[in-house]
Amino acid sequence: MKVTIIGSGYVGLVTGACLAEQGNSVFCLDLDPKKIEILNSGGVPIYEPGLKEMIDRNRAAGRLQFSTDIAASVAHGDIQFIAVGTPPDEDGSADLQYVVAAARNIGRHMTTAKVIVDKSTVPVGTADKVAEAIIKELSMRDLSPELCSVVSNPEFLKEGAAVDDFMRPDRIVIGTSSDPAGLRAKEQMRKLYAPFNRHHERTYYMDVKSAELTKYAANAMLATRISFMNELANLADLVGADIEAVRQGIGSDSRIGYGFLYSGTGYGGSCFPKDVSALSKTAMEYGRDLKILEAVESVNETQKMILVEKIEKRFGSDLTNMKFAIWGLAFKPNTDDMREAPSRVIIRELVKRGAQVVSYDPVAMEEAKHCFEIDFKDNPEGLKKVAMVQDHMAALDGCDALVIVTEWKAFRSPDFDLLMQKLKRAIIFDGRNLYEPSAMREVGIEYHGIGRHN
Ligand code: UDX
């Protein structure tokens, strides 16, 4: 099938590459000429395991092309995916200007029937706005509104596992309208996704608004589980219980399940913080105050400070002349994404208390450097206290403690003898509960996990 993807960012690139992999002819549009130039010269502007190989393969086979040409992109696809960014507005609601601009462009250039698919995470009601923008353009050219049908097909992929998530999805959600154009769109979507449903049907067909809400409900539910576990972990610390035992004890209940019950330094990334806040905002617009979501957000903000609190409790609030090694900067492993990463809060707060930090991340160093420049914009002296080194063991030299923020695999079983030689004091603050407190005690390391019984 012929498919256009508008927006060659994270979701757009993964969607485009995976649909090309299934034999479709895919045209990826982006208005940023730099991004398109990188893609056309064999580069990939984001880090995602397996994506570059897939893009290379499909470009070479002539199934995947990248361009800034709007008219050509609209002409190409019978199915037009909108996968542009929806950054949060100042008030937390999703900013739809790029989605609406993409819709207008489609309406301005289309001459034959098109299925328009909202792939970006957009608030309930956005498909109506997209349809309105397209139909307005069509009417100015005396074209029938029935040429377009807007579908909601939210994306559930996780950064770091995006290609795999897309190729082997838990479920595919497709929301269509019940008019004749909607029914035709449903058939086209069914055909497009048929290869992903080969062994068993994974697609849930529903109305457009339910599909839009499903995406937010999924992310908000997961974020809620994390904040709940973080609160319990903090309580476990106080009462002397072990959150890891509790996690297993409750996860074994099939109604609860094991996933997303890990306590830590709070969730980050581009989705959970943005989507929880946007869902809250949508509810407010309808006069409903979703109290759970407000609590989820506020618990998460507090949790980003948990390691700093533990460090203060151990060393006092004046950290002048102290140096901390930071392992892991990205908001989670297998990505270079630093958006809303707890590391940024932790580093800023340690420096504010007078400390120096020596940081390392396996892939996010470039991105982190850029983020630190933003975070320390008003404090250039503070920025000088943030060092970056090319190896996790090198970060330890002469530090008063190790602070683990992201659970990269390379940090899971370090050489503890060497670690103890390098650190000035054998102390670990572990924001991801990577090690067993008893094993740490045996080797003589003072270990501070999150909710782990020491
Ligand atoms: C998430 C959703 O999982 C995905 O379905 C959606 O499409 C986009 O948002 P992503 O943000 O890539 O994906 O990462 P995810 O693996 O879900 O982790 C989100 C955050 O939660 C990370 O900061 C992670 O460290 C944290 N987390 C996750 C926990 O703190 N505890 C857990 O048990 C799981």
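Up top is the structure.
Only a predicted model underlies this, so the values are computations on that prediction, with no experimental measurement involved. (Residues numbered from 1 in each chain as written. Predicted model: local features only at pLDDT ≥ 70, side-chain atom pairs only at ≥ 80, totals over all residues.)

Can you explain the overall build of the protein? Please cite residues and give values.
What the protein contains, in helices and strands, is 18 helices and 14 strands. Over its C-alpha trace the protein gives a radius of gyration of 24 Å, about what one expects of a compact globule, namely 22 Å for 454 residues. Along the longest, intermediate and shortest principal axes, the C-alpha atoms of the protein span 75 × 45 × 45 Å. Every one of the 454 residues in the protein was classed for burial, and the buried ones make up 45%. Long-range pairs, those at least 24 residues apart, make up 73% of the contacts in the protein between residues at least 6 apart in sequence. (Helix = DSSP H or I, 4+ residues; strand = E, 2+ residues; numbered from the N terminus. Rg over C-alpha atoms; globule rule 2.2 N^0.38 Å. Buried ≥ 20, exposed ≤ 12 C-beta atoms within 10 Å, placed from the backbone. Contact = placed C-beta atoms within 7 Å.)

Outline unusual backbone geometry, listing residues and values.
With phi around 55°, Asp-142 is a residue other than glycine that occupies positive phi space. Relative to the helices and strands, Asp-142 resides in the loop between helix 6 (126-140) and strand 6 (148-152).

Tell me what's going on with the sheet that holds strand 12 (residues 401-404), and back it up with residues and numbers.
Taking strand neighbours across the sheet as the criterion, the six strands line up as 11-10-9-12-13-14 in an open arrangement whose pairing is parallel. Unpaired on one side and paired on the other, strand 11 (386-388) and strand 14 (446-448) mark the two borders of the sheet. The mean angle between the axes of side-by-side strands here comes to 20°, regardless of whether they run parallel or antiparallel. Across the sheet, helix 14 (residues 342-352) touches strand 9 (323-327), strand 10 (356-360), strand 11 and strand 12, and the angle it forms with strand 10 is around 155°. (Pairing = 2+ DSSP bridges. Axes fitted to C-alpha atoms, helices over the stretch in contact; angles between N-to-C directions.)

Everything listed here is a matter of coordinates, which is why it stays silent on function.
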